[in-house]
Amino acid sequence: MGSRIARQALYLAAVNAVRRSAEWRTIYLRKRAQGKKAKQALIVVAVKLLHTVYAMLKHRRPFNPSRLLVAAATIGT
């Protein structure tokens, strides 16, 4: 749903992130190991990328790759 152009841009950003960043590649490979197909794993990365960008804008903080791989239960501590 939503804008087709926005979805395509987000998908391509996820592809690029997986190719060039070890942190995003780790998330992708983790999802592949859980049995997801390649496209499904890329969509997971795209959604996480979108959430990360939103949080950066909302809290006005720069990207911190060390927070990317932290379990959700430990982020608030």
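Cut-offs and rules
Residues numbered from 1 in each chain as written. Predicted model: local features only at pLDDT ≥ 70, side-chain atom pairs only at ≥ 80, totals over all residues. Heavy atoms only, no water. Axes fitted to C-alpha atoms, helices over the stretch in contact; angles between N-to-C directions. Helix = DSSP H or I, 4+ residues; strand = E, 2+ residues; numbered from the N terminus. Parallel < 35°, antiparallel > 145°, perpendicular 65-115°, else oblique. Left-handed = near helix turned anticlockwise from the far one by under 90°. Contact = heavy atoms within 4.5 Å. Nonpolar A, V, L, I, M, F, W, Y, C, P; charged D, E, K, R; others polar. Expected span 1.5 Å × (residues − 1). Buried < 20%, exposed > 50% of the residue type's maximum accessible area, 1.4 Å probe, protein only. Arc of directions from axis to C-beta.

Observations regarding the packing of helix α2 (residues 22-33) against helix α3 (residues 38-59)
If you want to describe how two helices pack, look at the angle between their axes and the distance between the axes. Following both chains from N to C, one finds α2 and α3 inclined at 140°, their axes separated by 9 Å at the closest point. By the angle between their directions, the pair α2 and α3 is classed as oblique. For the pair α2 and α3, the crossing hand works out as right-handed. In contact with Trp24, Ile27, Tyr28, Lys31 and Arg32 of α2, α3 contributes Ala38, Ala41, Leu42, Val44, Val45, Lys48, Leu49 and Thr52. Residues belonging to the contact of α2 with α3 are distributed by class as follows: nine nonpolar, one polar and three charged.

A word on α3
A rise of 1.5 Å per residue sets the reference length of α3, with its 22 residues, at 32 Å; its end C-alpha atoms lie 32 Å apart and thus fit the reference within 8%. Along α3, the residues classified as buried are Ala41, Leu42, Val45, Ala46, Leu49 and Thr52. Down the axis of α3, the smallest arc covering the buried residues is 145°, so these residues share one side. Facing away from the buried side of α3 by more than 90 degrees, the exposed set consists of Lys39, His51, Tyr54 and Lys58. In this structure, the buried side of α3 is in contact with α1 (4-20) and α2. Residue arginine 60 follows α3 closely and has a positive phi angle near 55°.

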